[in-house]
Amino acid sequence: MTSLKDKINMDKLPQHIAIIMDGNGRWAKQKGELRVFGHKNGTKSVKETTEACGELGIKYLTLYAFSTENWNRPKFEINFLMELLVSTISRETKRLMDNDVRLLAIGDLDSLPSACYRELMSAIEQTKNNKTLTVILALSYSSRNEIVEATKKIGEAIKNGKMKPEDITEQTIIENIYTKDIPDPELLIRTSGEHRISNFLLWQLAYTELYFTETLWPDFGKEQLYEAIIDYQNRERRFGMTSEQVTVKS
Ligand code: FPP
C-alpha cells in the first residue's frame with residue numbers, strides 16, 4: 001500500500017505539532033454508542049499520532065486532552081476521561097521509555113483528581129531524560145488562565161522589586177507561561193470540522209499554520225497526520241522560502 005509518508009519532505013518537518021483532538025462524541029454517536037466509547041477509541045489515535053511523530057523525527061507533540069471548560073461536562077464523562085488518562089498513561093509508560101519519549105503536562109494540574117495527578121507525575125519523572133520526542137498533554141488547560149497566571153507572576157516580581165514595568169518584553173511573557181522551554185508549534189491541527197482555537201495556546205499560536213480537517217479524532221491516524229504535514233509543507237513552499245530556493249525546487 002502506498003503511503004503519503006513518501007511525499008513528506010524530511011528536510012522541512014515542523015519541529016512542534018499541536019492538536020485539538022475533537023469529534024470523539026460525534027464519532028461514537030454515529031455508531032450508536034455512548035460518547036465515552038469515542039474517547040476510548042480516541043486513545044488509539046493518540047498512540048498512532050505519537051508513533052508517527054517519533055518515526056518522522058518531530059520533536060514536540062502537544063495534545064489538547066482536557067480543557068478547563070470540559071469540567072462542565074456530565075460527571076460520568078469526566079470520571080471516565082480521568083480514569084482513561086490514568087489507565088492509558090500507566091499502560092503506555094513502558095512504551096514511552098522504549099521509544100525515548102518524554103512526557104510533559106501543561107494546565108491547572110492541581111485541579112486533577114489525585115490518582116490522575118500521581119500517575120501523571122510518575123510518568124513525567126520516569127521519562128524526564130528521554131530525548132527523541134516530547135509529548136505535552138494539555139490537561140485542565142485554559143490559555144487565558146495561563147496568561148492570567150503569568151501576569152500575576154510578573155506582577156509579584158515587580159512588587160518584590162525584582163523587575164520594573166518597563167523591563168517587560170515578549171521574553172518576560174514567554175518565561176512565565178507553561179510552555180517556557182518549548183518552541184511554538186509551527187502546525188496546529190483541529191479535527192472534526194470545527195474552525196476554532198477554543199482557548200488553546202493563544203500566545204504560542206501567533207505565527208502557527210492552522211490545519212482543519214473533517215476527520216473525527218478516532219478516525220485520525222498516521223496517514224491523516226502525513227496529509228496535514230504535506231499541506232503545511234506546501235504552504236511553506238509558497239510563503240516561507242527565498243526566491244532562490246523556489247527556483248531550485250521548480
Ligand atoms: C473532544 O471530543 C475530546 C476530548 C474532550 C477528550 C480527548 C481525550 C482523548 C482523545 C482520550 C485521552 C487522551 C490521552 C492523551 C490518553 P468531544 O467529546 O468534544 O467530541 P464531540 O465534539 O463530537 O462531542
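A few points on the structure. Being a predicted model, the structure only gives us computed values, none of them experimental. (Residues numbered from 1 in each chain as written. Predicted model: local features only at pLDDT ≥ 70, side-chain atom pairs only at ≥ 80, totals over all residues. Heavy atoms only, no water.)

## Examining the environment of Thr151
For Thr151, the location among the structural elements is in helix H5 (residues 143-159). According to the relative accessible area criterion, Thr151 is partly exposed, its value standing at 49%. (Helix = DSSP H or I, 4+ residues; strand = E, 2+ residues; numbered from the N terminus. Buried < 20%, exposed > 50% of the residue type's maximum accessible area, 1.4 Å probe, protein only.)

## Brief notes about the site of the ligand
Among the 19 residues in the neighbourhood of the ligand, the closest are listed as Asp22, Gly25, Arg26, Arg35 and Arg73. Between the ligand and Arg35, the relevant distance is 2.8 Å, taken from an oxygen atom to a side-chain nitrogen or oxygen of the residue. Mapped by element, the contributors of at least two residues to the shell around the ligand are helix H1 (24-30), helix H2 (35-56) and helix H3 (75-98). In the shell around the ligand, the residues fall into seven nonpolar, eight polar and four charged. (Near = heavy atom within 4 Å. Polar contact = N/O pair within 3.5 Å; in protein donor to acceptor, adjacent residues only side chain to side chain. Nonpolar A, V, L, I, M, F, W, Y, C, P; charged D, E, K, R; others polar.)

## What about unusual backbone geometry?
Positive phi values are uncommon outside glycine, yet Ser192 reaches one of about 80 degrees. Mapped onto the fold, Ser192 is located in the loop between strand E5 (187-190) and strand E6 (209-212). Residues other than glycine seldom take positive phi values, yet Asn199 does so here, at roughly 60 degrees. Following the sequence through the fold, Asn199 ends up in the loop between E5 and E6. Given the relative accessible area of 15%, Asn199 is considered buried.

## A few points about the sheet that holds E6
With respect to topology, six strands assemble into an open sheet ordered E3-E4-E2-E1-E5-E6, the strand pairing being parallel. Edge positions in the open sheet fall to strand E3 (101-106) and E6, since each of these has one partner strand only. The mean angle between the axes of side-by-side strands here comes to 20 degrees, regardless of whether they run parallel or antiparallel. In the sheet, strand E1 (residues 16-20) pairs with E5 via four bridges, with the strands oriented parallel. Note that in E5 the partner of Ile19 across the bridge is Ile189. (Pairing = 2+ DSSP bridges. Axes fitted to C-alpha atoms, helices over the stretch in contact; angles between N-to-C directions.)

## Topic: the pairing of strand E2 (residues 60-67)
Look at any regular strand and the pattern is simple: side chains alternate between the two faces of the sheet. When you tally the buried positions in E2, you get seven out of eight residues, the bulk of the element. Bridge analysis of E1 against E2 gives five bridges, and the strand direction is parallel. Paired with Ile19 across the strands is Leu63, a residue of E2. Taken together, the seven bridges between E2 and strand E4 (residues 133-141) define a ladder with parallel strand orientation. Residue pairing across strands places Phe66 opposite Leu139, the latter belonging to E4.

## Here we look at the nonpolar core
Counting residues in hydrophobic clusters, the biggest one holds 41 residues, and the most contacted among them are Ile17, Ile19, Leu103, Leu120, Leu137, Ile189 and Leu225. Contact partners of Leu120, with chain neighbours within four places excluded, come to Ile89, Leu103, Ala105, Leu109, Leu112, Leu137 and Leu139. The next biggest cluster of nonpolar side chains, apart from the first, holds 13 residues, and it includes Tyr64, Ile136, Ala138 and Leu201. (Core = buried A, V, L, I, M, F, W, Y, C linked by side-chain atoms within 4.5 Å. Contact = heavy atoms within 4.5 Å.)

These figures come from the coordinates and say nothing about function on their own.
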